Amino acid sequence: MKQSIARVALVVGDYDKAIKFYTKKLDFNLIEDTDLGDGKRWVIVAPPGSNECSLVLAEAANEKQLASVGNQTGGRVFLFLHTDDFWRDYYKMMERKIKFVRSPEKMPYGMVAVFEDLYGNMWDLLEPIKNLQQEQQQQQQ
């Protein structure tokens, strides 16, 4: 049996503001934006080159959902954005005024820094250790 997580729902305050943040600040691709009627939309975004998983941006529909915007995990890191070049993406995000709440740090699993999205959800920007090891090997050649 083979299974995978295809999409993760992310409750947002406003479809258009969320689309703008993810596509303009993080360079995600807008995969789909379909009007479902009654103010609801099916909005899917994904990082460039991603085939594994995407985000469904779900606009809060009631007070309970609105209360969870920006804090879907109780203040813990919620999502993990893997990159093949940490420093390229880190500096680009800094230029775009993305708020980092933890400075870059080399960890046993890779180079990582924590940033917030427009609603305050915390993300890891992470270049996995295997990428770092490959870079070091290429530099030595």
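Attention here is on the structure that accompanies the text. Please read all numbers here as calculations on a predicted model, not as lab measurements. (Residues numbered from 1 in each chain as written. Predicted model: local features only at pLDDT ≥ 70, side-chain atom pairs only at ≥ 80, totals over all residues. Heavy atoms only, no water.)

1. Notes on the sheet that holds strand β2 (residues 29–37)
Part 1 of the argument: On the basis of which strands lie adjacent, the open sheet formed by four strands has the order β1-β4-β3-β2 and mixed pairing. Unpaired on one side and paired on the other, β1 (7–12) and β2 mark the two borders of the sheet. Neighbour to neighbour, the strand axes of the sheet diverge by 25° on average, direction disregarded.
Part 2 of the argument: Alignment of β1 against strand β4 (residues 54–59), held across six bridges, turns out to be parallel. Looking at the pairing, Arg 7 lines up with Ser 54 of β4. (Pairing = 2+ DSSP bridges. Helix = DSSP H or I, 4+ residues; strand = E, 2+ residues; numbered from the N terminus. Axes fitted to C-alpha atoms, helices over the stretch in contact; angles between N-to-C directions.)

2. Some points on the nonpolar core
Part 1 of the argument: With 26 residues, the main nonpolar core has Tyr 22, Leu 55, Leu 57 and Phe 115 as its most contacted residues.
Part 2 of the argument: Those elements giving two or more residues to this core turn out to be β1, α1 (15–25), β3 (40–46), β4, β5 (77–82), α3 (86–95), β7 (110–116) and β8 (122–128).
Part 3 of the argument: Sorting elements by how many residues they give to this core places α1 first, with five residues.
Part 4 of the argument: Taken domain by domain, this core gets at least three of its residues from each of domain 1 (1–69) and domain 2 (73–140).
Part 5 of the argument: Setting aside anything within four residues of it in sequence, one finds Phe 115 in contact with Leu 26, Leu 81, Met 93, Ile 98, Lys 99, Phe 100, Val 101, Asn 121, Met 122, Trp 123, Asp 124 and Leu 125. (Core = buried A, V, L, I, M, F, W, Y, C linked by side-chain atoms within 4.5 Å. Buried < 20%, exposed > 50% of the residue type's maximum accessible area, 1.4 Å probe, protein only. Domains from an automatic or database assignment. Contact = heavy atoms within 4.5 Å.)

3. Regarding the side chain of Asn 121
Part 1 of the argument: For Asn 121, the location among the structural elements is in the loop between β7 and β8.
Part 2 of the argument: Among all residues touching Asn 121, those that are not within four sequence positions of it are Leu 10, Gly 70, Asn 71, Gln 72, Phe 78, Phe 115 and Glu 116.

4. Some thoughts on the packing of aromatic side chains
Part 1 of the argument: Inspection of every chain in the model, using the stated rule, returns 12 aromatic pairs.
Part 2 of the argument: Ring plane angle 70° and centroid distance 6.1 Å describe the contact between Phe 28 and Trp 123, whose orientation is recorded as edge-to-face. Separated by 95 residues along the polypeptide, Phe 28 in the loop between α1 and β2 and Trp 123 in strand β8 bring together distant segments of the chain.
Part 3 of the argument: Relative accessible area serves as the criterion here: at 3%, Trp 123 is assigned to the buried category.
Part 4 of the argument: When the ring of Tyr 90 is compared with that of Tyr 91, the centres are 5.5 Å apart and the planes differ by 65°; the resulting orientation is edge-to-face.
Part 5 of the argument: Here the aromatic residues Phe 21, Tyr 22, Phe 28, Phe 86, Trp 87, Tyr 90, Tyr 91, Phe 100, Phe 115 and Trp 123 are joined through ring pairs into a cluster of three or more. (Phe/Tyr/Trp six-rings, centres within 6.5 Å; stacked < 30°, edge-to-face > 60°.)

5. Some thoughts on the side chain of Thr 83
Part 1 of the argument: With respect to the helices, strands and loops of the structure, Thr 83 is situated in the loop between β5 and α3.
Part 2 of the argument: Residue Thr 83 is classed as buried on the basis of its relative accessible area, which comes to 6%.
Part 3 of the argument: At 2.3 Å, the side chain of Thr 83 and the side chain of Asp 89 are in polar contact. (Polar contact = N/O pair within 3.5 Å; in protein donor to acceptor, adjacent residues only side chain to side chain.)

6. Some thoughts on the environment of Asn 62
Part 1 of the argument: With respect to the helices, strands and loops of the structure, Asn 62 is situated in the loop between β4 and α2 (63–68).
Part 2 of the argument: Distance from Asn 62 to Pro 108, taken between C-alpha atoms, is 41 Å for residues 46 residues apart in sequence.
Part 3 of the argument: A polar side-chain atom of Asn 62 sits 2.8 Å from the main-chain amide nitrogen of Gln 65.

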